[in-house]
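Okay, here's what each chain looks like letter by letter:
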Amino acid sequence: MKQFIDFIPLLLFFIVYKLDPRTVDVAGHELTAGGIYSATAMLIISSLVVYGALFIKQRKLEKSQWLTLVACLVFGSLTLAFHSETFLKWKAPVVNWLFALAFIGSHFIGDRLLIKRIMGHALTLPDPVWTRLNIAWIGFFLFCGAANLFVAFTFQSIWVDFKVFGSLGMTVLFLVGQGIYLSRHLHDADTTTPKTED
């Protein structure tokens, strides 16, 4: 669910981007709707609203949500300030690679892998399975970052479409694959390992 909450600002970004450029009057001020820059402004505003609402409801944000929010604010603000979409094109690769770095770091720092910290309260799995799962997430984030970077600077006419639907598609496929992989190990883990509280 947290993965899909992150797509709400992205979907609003896509909708505004696809609008035919037009000038609208808001409280006596003329604003442009449609195109990359108004879509970027929508991305920033909707990110603040979505994550602000989550913070008010939960009294906290996950580290991944903080990273996503900060990245939206930084890369979005640079895009608007310098009137260059290049900054926004780097957002997805950088965020994905930072996530990959966090998963890599958990192999060397701390007493538990990052994926076990995230999912360990809900699942009991053998350590080798947690390790393979963590490595799979590293590969997923590295691939997503590279794919977004390649499309953004090679197929500029479709990079926004890929940013939204390509990223969503890759995430869904990966989560389905993860579910299939986990289903092969859950029964054995339940019968051989006592469930412990984290």
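Nothing here was measured: the structure is a model prediction, and the numbers come from that model.

Caption draft 1: Structural view of the overall build of the chain. Within the chain, the regular secondary structure consists of 9 helices and 2 strands. Counting from the amino terminus, the chain carries its helices and strands in the arrangement α-α-β-β-α-α-α-α-α-α-α. Looking at the chain residue by residue over its 198 residues, the buried ones come to 39%. Distance from the positive charge centre (16 side chains) to the negative charge centre (13 side chains) of the chain: 3 Å.

Caption draft 2: The arrangement of the packing of aromatic side chains in detail. Enumeration according to the criterion identifies 14 aromatic pairs in this entry. When the ring of Phe150 is compared with that of Phe155, the centres are 5.8 Å apart and the planes differ by 70°; the resulting orientation is edge-to-face. Taking the relative accessible area as the measure of exposure, Phe150 reaches 48% and is therefore partly exposed. Phe155 sits in the partly exposed class, given a relative accessible area of 40%. What links up through ring pairs into an aromatic cluster is the set Phe99, Phe103, Trp137, Phe140, Phe141 and Phe174. Taking NZ or CZ as reference, Lys89 lies 5.3 Å from the ring centre of Phe153, over its face.

Caption draft 3: Looking closely at the side chain of Ser167. Mapped onto the fold, Ser167 is located in helix H9 (residues 159-192). A distance of 2.9 Å separates a polar side-chain atom of Ser167 from the backbone oxygen of Lys163. Setting aside residues up to four positions removed in sequence, Ser167 forms contacts with Phe7, Asn148 and Phe162.

Caption draft 4: Summary view of helix H3 (residues 36-58). Over its 23 residues, H3 extends 32 Å from the first C-alpha to the last, a length consistent with the 33 Å expected when each residue adds 1.5 Å. All of the buried residues in H3 are Ile36, Ser38, Ala39, Thr40, Leu43, Ile44, Ser46, Ser47, Val50, Tyr51 and Leu54.

Caption draft 5: Focus on the state of the cysteines. Evaluation of the coordinates by the stated rule reveals 0 disulfides. For the unlinked cysteine Cys72, the closest cysteine sulfur is that of Cys144, found at 16 Å. A relative accessible area of 3% means that Cys72 is categorised as buried. The exposure class assigned to Cys144 is buried, which follows from its relative accessible area of 4%.

Caption draft 6: Summary view of the UniProt feature "transmembrane region" (unreviewed entry) in the chain. Within this numbering scheme, the UniProt entry marks residues 34-54, 66-82, 94-114, 135-158 and 164-182 as carrying the feature "transmembrane region" (unreviewed entry). With 90% helix and 0% strand, residues 34-54 has end C-alpha atoms that lie 27 Å from one another. As annotated, residues 94-114 has a helix share of 62% and a strand share of 0%, and its two end C-alpha atoms lie 19 Å apart.

Thresholds applied
Residues numbered from 1 in each chain as written. Predicted model: local features only at pLDDT ≥ 70, side-chain atom pairs only at ≥ 80, totals over all residues. Heavy atoms only, no water. Helix = DSSP H or I, 4+ residues; strand = E, 2+ residues; numbered from the N terminus. Buried < 20%, exposed > 50% of the residue type's maximum accessible area, 1.4 Å probe, protein only. Lys, Arg positive; Asp, Glu negative; His and termini not counted. Charge placed at Lys NZ, Arg CZ, Asp CG, Glu CD. Phe/Tyr/Trp six-rings, centres within 6.5 Å; stacked < 30°, edge-to-face > 60°. Lys NZ or Arg CZ within 6 Å of the ring centre and 35° of its normal. Polar contact = N/O pair within 3.5 Å; in protein donor to acceptor, adjacent residues only side chain to side chain. Contact = heavy atoms within 4.5 Å. Expected span 1.5 Å × (residues − 1). Disulfide = S-S within 2.5 Å. UniProt positions renumbered as here; feature names shortened; annotations may be inferred.

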